[in-house]
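Examining the three-dimensional arrangement
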Amino acid sequence: MDAANESSEGAPFILLGLTTSPGQRRPLFVLFLVLYVAGILGNGLIVAAIRASPALHAPMYFLLAHLSFADLCFTSVTVPKMSANLLAHDRSISLAGCLIQMYFFFALGVTDSCLLAAMAYDRYVAIRHPLHYATRMSRAVCTALVGTAWLVSHLHSLLHILFMARLSFCASHQVPHFFCDHQPLLRLSCSDTRHIQLLIFTEGAAVVVSPFLLILASYGAIAAAVLRLPSASGRLRAVSTCGSHLAVVSLFYGTVIAVYFQPTSRYEAERGRVATVMYTVVTPMLNPVIYSLRNRDVQGALRALFTGRRISVADS
């Protein structure tokens, strides 16, 4: 019995992916390849344009550049492996590979969460306290916000991976998911997982739910200020912008909370996979469109980037 358990412990995991139907694999491969390329190009262009244009060195764009970079890396942790597995016969991944994938997935996901909160706070300060904006959102403050986001996210991820690495997997090693994630792996473990569940509901809530509540509070205050604008067209434009931001933020946080903040016994693989696609593929692809590509300054910087023309602060 011990020999059987030891053999099972050393066996690789098999990622079952999004579907077990052979007829759906190629269409899904094409779909996610298109989404992935669109996300990489969108986020990559935003980072390049912000770095190249002096007109986009304001705090908002500094935060946006880090969000786009985090999104670019976030999708690259899961989508290439998922796409390859849609066409490959061997869909195995070692325990070490699984933990590494989980580490960067959690770290980059929490970085996204913290940066979205920082961007909401930036807009709140700009609209509610415009006279103090330069001091409240100075370069030092922005650097501290970004540094804290990256530090907290990696500490969060390291803590979770250290707990996951201590689990024993002596049941089936078939993972009903397209990457190594908490809930499906916990269901395969024959160890006591209560301590990890408690960690998810406490420390995990602190780095996911808290930023979400901060974003809602920030946009609530912004909405109150917008309603006092004298211009009807200005109110409509501001409401449209805030509405699109909140729609993407709600999609991201709503699916994250639905997947992780439930007992493992209630986790449903099919619903979990669909929800995960929303925040791992769809929202990183939408962020460049929602936050930047509709912005005239960003559009001008992108045109300058493609034409090779230098753009100065006076052009903005």
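Just so it is clear, the structure is predicted and the values come from calculations on it, not from any experiment.

On to the overall build of the chain. Counting its secondary structure elements, the chain contains 11 helices and three strands. Computed over C-alpha atoms, the radius of gyration of the chain comes to 21 Å, within 12% of the 20 Å expected from 2.2 N^0.38 for 316 residues, which places it in the range of a compact globule. Residues counted as buried form 47% of the 316 residues belonging to the chain. Long-range contacts, defined as pairs at least 24 residues apart, comprise 79% of the intrachain contacts of the chain with a sequence gap of at least 6. Of the roughly 15100 Å² that the chain leaves accessible, carbon and sulfur atoms contribute 66%. When the 23 basic and 14 acidic side-chain charges of the chain are each reduced to a single mean position, those positions are 14 Å apart.

All right, on to the packing of helix α3 (residues 59-87) against helix α6 (residues 139-164) then. If you want to describe how two helices pack, look at the angle between their axes and the distance between the axes. Packing of α3 against α6 brings their axes to within 10 Å, and their N-to-C directions diverge by 20°. Considering their axes alone, α3 and α6 lie roughly parallel with respect to each other. Between α3 and α6 lies a crossing whose hand is right-handed. Touching Pro59, Phe62, Leu63, His66, Phe69 and Ala70 of α3 are Arg139, Cys142, Thr143, Val146 and Trp150, all from α6. A breakdown of the residues in the contact of α3 with α6 according to their chemical character gives eight nonpolar, two polar and one charged.

For the pair helix α2 (residues 22-52) and α3, interaxial distance at closest approach is 9 Å and the crossing angle is 160°. Comparing their axes, α3 and α2 come out roughly antiparallel. Between α2 and α3 lies a crossing of left-handed hand. Looking at side-chain class alone, the contact of α2 with α3 contains 18 nonpolar, seven polar and three charged residues.

This brings us to the side chain of Asp181. Residue position: Asp181 is located in the loop between β3 (174-175) and α7 (182-188). Buried and unpaired, Asp181 has no salt bridge, with Arg273 as the nearest side chain of opposite charge at 11 Å. A polar contact of 2.8 Å, which involves the side chain of Asp181, links it to the side chain of Tyr260. With near-sequence residues (within four places) excluded, Asp181 lies in contact with Met102, Phe105, Phe106, Val259, Tyr260, Thr276 and Tyr279.

Those residues carrying the UniProt feature "transmembrane region" (unreviewed entry) are residues 28-49, 61-80, 100-121, 141-163, 205-227, 239-261 and 273-293 in this numbering. For the annotated span residues 141-163, helix accounts for 100% and strand for 0% of the residues, and the straight-line distance between the end C-alpha atoms is 33 Å. For residues 205-227, the helix share is 96%, the strand share is 0%, and the end-to-end C-alpha distance is 32 Å.

With that settled, consider the sheet that holds strand β1 (residues 13-15). On the basis of which strands lie adjacent, the open sheet formed by three strands has the order β2-β1-β3 and mixed pairing. On the outer flanks of this sheet lie β2 (92-93) and β3, each paired with one strand and no other. For β1 and β3, the ladder comprises two bridges, and the chain directions are parallel. Its bridge partner being in β3, Leu15 is matched across the sheet by Val175.

Turning our eyes to something else, we now look at the environment of Ser244. Topologically, Ser244 is positioned in helix α9 (residues 232-260). With relative accessibility at 13%, the residue Ser244 sits in the buried group. Spatially, the C-alpha atom of Ser244 lies 23 Å from that of Phe32, the residues being 212 residues apart in sequence.

Moving on to the side chain of Ser153. Within the fold, Ser153 resides in helix α6. Ser153 sits in the buried class, given a relative accessible area of 0%. Polar contacts involving the side chain of Ser153 include one to the main-chain carbonyl oxygen of Ala107, which spans 3.3 Å. In this structure, Ser153 is in contact with Ala107, Val110 and Thr111, ignoring residues within four places of it in sequence.

Grouped together as the largest cluster of nonpolar side chains are 85 residues, with contacts concentrated most on Leu185 and Tyr260. Tallying contributions element by element places helix α4 (residues 95-128) first for this core, with 16 residues.

Looking now at the packing of aromatic side chains. As enumerated under the stated definition, the model contains 15 aromatic pairs in all. Arranged with centres 6.2 Å apart and planes meeting at 50°, the rings of Tyr260 and Tyr279 form a pair that is tilted. Of this pair, Tyr260 sits in helix α9 while Tyr279 sits in helix α10 (residues 269-293), and the two are 19 residues apart along the sequence. Site record: aromatic cluster; members linked through ring pairs are Phe74, Phe105, Phe106, Phe178, Phe179, Phe212, Phe252, Tyr253, Tyr260 and Tyr279.

What counts, and where the lines are drawn
- Residues numbered from 1 in each chain as written.
- Predicted model: local features only at pLDDT ≥ 70, side-chain atom pairs only at ≥ 80, totals over all residues.
- Heavy atoms only, no water.
- Helix = DSSP H or I, 4+ residues; strand = E, 2+ residues; numbered from the N terminus.
- Rg over C-alpha atoms; globule rule 2.2 N^0.38 Å.
- Buried < 20%, exposed > 50% of the residue type's maximum accessible area, 1.4 Å probe, protein only.
- Contact = heavy atoms within 4.5 Å.
- Areas by Shrake-Rupley, 256 points an atom, 1.4 Å probe, with all protein chains shown as cover.
- Lys, Arg positive; Asp, Glu negative; His and termini not counted.
- Charge placed at Lys NZ, Arg CZ, Asp CG, Glu CD.
- Axes fitted to C-alpha atoms, helices over the stretch in contact; angles between N-to-C directions.
- Parallel < 35°, antiparallel > 145°, perpendicular 65-115°, else oblique.
- Left-handed = near helix turned anticlockwise from the far one by under 90°.
- Nonpolar A, V, L, I, M, F, W, Y, C, P; charged D, E, K, R; others polar.
- Salt bridge = Lys/Arg side-chain N within 4 Å of Asp/Glu carboxyl O.
- Polar contact = N/O pair within 3.5 Å; in protein donor to acceptor, adjacent residues only side chain to side chain.
- UniProt positions renumbered as here; feature names shortened; annotations may be inferred.
- Pairing = 2+ DSSP bridges.
- Core = buried A, V, L, I, M, F, W, Y, C linked by side-chain atoms within 4.5 Å.
- Phe/Tyr/Trp six-rings, centres within 6.5 Å; stacked < 30°, edge-to-face > 60°.

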